[in-house]
Amino acid sequence: MGKTKEIELNSYDMFTAAQTGLLRAIESDKRKESWGAGYNKNLNKKIADSISGAMGEIAVANCLKIVYQFHCNVGSIPDLMYNDLKIQVRCQPPKKFNSLIIRPGYDKENQLFVHVIDEAPIFKISGFTNSSKFLGTAQYLTTFGLDRPACHAIPLNLLSDIDEIKTYDQNKNTNL
């Protein structure tokens, strides 16, 4: 893992992320959509998680110096696009042991997954990996003792530095 990058969001970024996160949660609730992978939190928690996720996406976009495209997710479309790279952002609060979560049967192969720790207004970008390195394997599979399907909980020290995305060749680097 490379050096963690810290991105500080300004008030406008946090406000627009809050609007986006709220819209995502309300639209999903209105359509009675399942959040998948056994996620069964109440609407307040969904709103909070959605806002945190949108802020994490904006932090990664700012780090990569790309324009953030505000959108209400449909299924598992990429959170961000960097050139032709599909990027999924996984944002978590600080924990004793944070890890990057990739879910078999839900997440797609050959996408880049970026891990972010939410300490708003500071967002710590831990790094990234290609989902194909873990999907289809038993590496780091766990349920964390929860009543949810197993997921890959990739240790943060195995992630590549976020700056490597700028020179990443998806056809050559499926094992990052």
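Calculation notes
Residues numbered from 1 in each chain as written. Predicted model: local features only at pLDDT ≥ 70, side-chain atom pairs only at ≥ 80, totals over all residues. Heavy atoms only, no water. Buried < 20%, exposed > 50% of the residue type's maximum accessible area, 1.4 Å probe, protein only. Helix = DSSP H or I, 4+ residues; strand = E, 2+ residues; numbered from the N terminus. Pairing = 2+ DSSP bridges. Core = buried A, V, L, I, M, F, W, Y, C linked by side-chain atoms within 4.5 Å. Contact = heavy atoms within 4.5 Å. Salt bridge = Lys/Arg side-chain N within 4 Å of Asp/Glu carboxyl O. Axes fitted to C-alpha atoms, helices over the stretch in contact; angles between N-to-C directions. Parallel < 35°, antiparallel > 145°, perpendicular 65-115°, else oblique. Left-handed = near helix turned anticlockwise from the far one by under 90°. Nonpolar A, V, L, I, M, F, W, Y, C, P; charged D, E, K, R; others polar.

A. Quick look at the pairing of strand S5 (residues 112-119). When you tally the buried positions in S5, you get seven out of eight residues, the bulk of the element. Across six bridges, the pairing between strand S3 (residues 85-92) and S5 is parallel. The residue of S5 that forms the bridge with glutamine 88 is phenylalanine 113. Bridge count between S5 and strand S6 (residues 122-130): eight bridges; the pairing is antiparallel.

B. Here's a closer look at the sheet that holds strand S8 (residues 151-155). Here we have three strands laid out as an open sheet, ordered S4-S8-S7, and antiparallel in their pairing. The open sheet has two edge strands, strand S4 (99-102) and strand S7 (141-142), and neither has a second partner. Sheet analysis places S4 next to S8, joined by four bridges and oriented antiparallel. Looking at the pairing, isoleucine 101 lines up with alanine 153 of S8.

C. Seen up close, the nonpolar core. If you look at the biggest cluster of nonpolar residues, it comprises 29 residues, and the most contacted ones within it are Val60, Ile87, Val114, Ile125 and Ile165. With 10 residues, helix H2 (residues 43-64) is the single largest residue contributor to this core. When residues no more than four places from it in sequence are discounted, the contact partners of valine 60 are Leu80, Val89, Val114, Val116 and Ile125. Phe113, Ile117, Phe134 and Leu156 belong to the second largest nonpolar core, which has nine residues in total.

D. Layout of the pattern of salt bridges. Per the counting criterion, the structure on display carries nine salt bridges. We note a salt bridge from lysine 5 to aspartate 161, for which the minimum N-O separation is 3.4 Å. Pair noted here: lysine 5 is in strand S1 (residues 5-8) and aspartate 161 is in the segment after S8, with a separation of 156 residues, a long-range link. With respect to burial, lysine 5 and aspartate 161 carry one shared label: buried. We note a salt bridge from glutamate 27 to lysine 30, for which the minimum N-O separation is 3.4 Å. Of the two residues, glutamate 27 and lysine 30 are both situated in helix H1 (residues 11-30); the distance of three residues between them amounts to about one turn of the helix. Taking relative accessible area as the criterion, lysine 30 reaches 57% and is therefore assigned exposed. When salt bridges with common partners are traced through the structure, they connect Lys5, Asp161, Asp163 and Lys166 into a single cluster.

E. How the structure looks around the packing of H1 against H2. Taken N-terminus to C-terminus, the directions of H1 and H2 make an angle of 135°; their axes are 7 Å apart at the nearest point. One element, H1, and the other, H2, form an angle in the oblique class. Crossing handedness for the pair H1 and H2: right-handed. Across the interface between the two elements, Asp13, Met14, Thr16, Ala17, Ala18, Thr20, Gly21, Leu22, Arg24, Ala25, Ile26 and Asp29 from H1 touch Leu43, Lys46, Ile47, Ser50, Ile51, Ala54, Met55, Glu57, Ile58 and Asn62 from H2. In the contact of H1 with H2, the residues fall into 12 nonpolar, five polar and five charged.

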